[in-house]
Amino acid sequence: MLSVVWPTVADMNLDELQKKLLAAARKNPPGDLVPYAFEQRIMARLARAPRLDEWTAWVRPLWYGAGVCVAVAVFMSVWSFEPDADQDLAAYFSQDIEQTILASDDAEILW
Amino acid sequence: MGEAARMERADAELIAGVLNGDTPSFEPLVVKYSPRVFATARRYARRESEVEDIVQEVWSKAFQKLSSFRGEAPFEHWLMRLAVRTCYDFLREHQRNRETSFTELSEPENDWLDRFVAAPESASDEAAAARELIERVLAMLSPQARLVITLLEIEDRPVKEIAELTGWSVPLVKVRAFRARAEMRKCLQRIAREKYL
């Protein structure tokens, strides 16, 4: 009796398949055909597009940078005017240190 | 003077003309190098409209960045770097359209694979089905993997040249080539699984 054996994934030599397919791609390089009057299309497009000179290339990032600087300056000024709880704490802390350091002087006066 | 040197000089004169404001001097460059740019773009895009978009983008960039061309290497090398990077940008932009979902193999592809499994030497690498299959596999790869496989395995370029074309370092090209081969193998495994399971 004739029995049919179906191939499986394991039957496929993947390394060999990879080599074969890459060879197929190598043997069939894409064409280098250029559409008719393509250069005219490019030249027309270039003529329409505004020329980006060196100044324009510099001015754009500088404007972005200026915007960021203004935003940081505004944020810092708002933050510096805001009453800060930490600042009060610092004032108390410095007073405490002063009292501790000068405690010996006060003691001498008492004696 | 050799032919290459004469060509380079002619290119240099045209480029100097463009930089001095003579825009029509750009046209001979477009005529001369468009076939190479088209051949490169057709490696990465299938539809002819997409290929034309890529080539137009390459020439627009070349025109805008022409002042950065120093003339140390031939203009063609500089242009091909620009072309390869534009193609890579195209692949990244169209990454979502990648063939992530497996579509059924066509009849000729199925027959070719059957022939390959039965006797690998009988499946010709010149067959149209083999070309379709490799197109399918390349379309499944990530942009990085596709770029490396194309430049290294299909165009047979040395690693150093690929590093110059892509702007990646030599070790990075090697790492990406290793990963790309592994990715390609996974794609082939997937095709085999879909076919035989």
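Note that the structure is predicted; figures quoted are calculated from it, not measured.

**Looking at the overall build of chain A**
Then comes step 1: The secondary structure content of chain A amounts to five helices and zero strands.
Then comes step 2: Each helix and strand of chain A, placed in order from N terminus to C terminus, yields the pattern α-α-α-α-α.
Then comes step 3: Counting only residues that meet the buried cut, chain A has 8% of its 111 residues in that class.

**Structural notes on the interface of chain B and chain A**
Then comes step 1: With 39 residues of chain B in contact, the opposing surface of chain A contributes 34 residues.
Then comes step 2: Of all the secondary structure elements, the ones that give two or more residues to the side of chain B that touches chain A are helix 2 (26–44), helix 3 (48–64), helix 5 (107–118), helix 6 (128–140), helix 7 (143–154) and helix 9 (170–196) of chain B.
Then comes step 3: With eleven residues, helix 2 of chain B is the largest single contributor of residues to the side of chain B that touches chain A.
Then comes step 4: Counted by class, the side of chain B that touches chain A contains 22 nonpolar, six polar and eleven charged residues.

**What about the environment of serine 106 of chain B?**
Then comes step 1: Mapped onto the fold, serine 106 of chain B is located in the loop between helix 4 (75–93) and helix 5.
Then comes step 2: As a C-alpha pair, serine 106 of chain B and glutamate 132 of chain B span 26 residues in sequence and 9.1 Å in three-dimensional space.

**Regarding unusual backbone geometry**
Then comes step 1: Located in the positive-phi region is alanine 37 of chain A, a residue other than glycine, with phi close to 55°.
Then comes step 2: Tracing the chain through its elements places alanine 37 of chain A in the loop between helix 1 (14–27) and helix 2 (38–48).
Then comes step 3: By the C-beta count within 10 Å, which is 10 here, alanine 37 of chain A ends up exposed.
Then comes step 4: In this structure, aspartate 156 of chain B takes a positive phi of about 60° despite not being glycine.
Then comes step 5: Mapped onto the fold, aspartate 156 of chain B is located in the loop between helix 7 and helix 8 (159–166).

The rules we used
Residues numbered from 1 in each chain as written. Chains lettered and ligands numbered in written order. Predicted model: local features only at pLDDT ≥ 70, side-chain atom pairs only at ≥ 80, totals over all residues. Helix = DSSP H or I, 4+ residues; strand = E, 2+ residues; numbered from the N terminus. Buried ≥ 20, exposed ≤ 12 C-beta atoms within 10 Å, placed from the backbone. Contact = placed C-beta atoms within 7 Å. Nonpolar A, V, L, I, M, F, W, Y, C, P; charged D, E, K, R; others polar.

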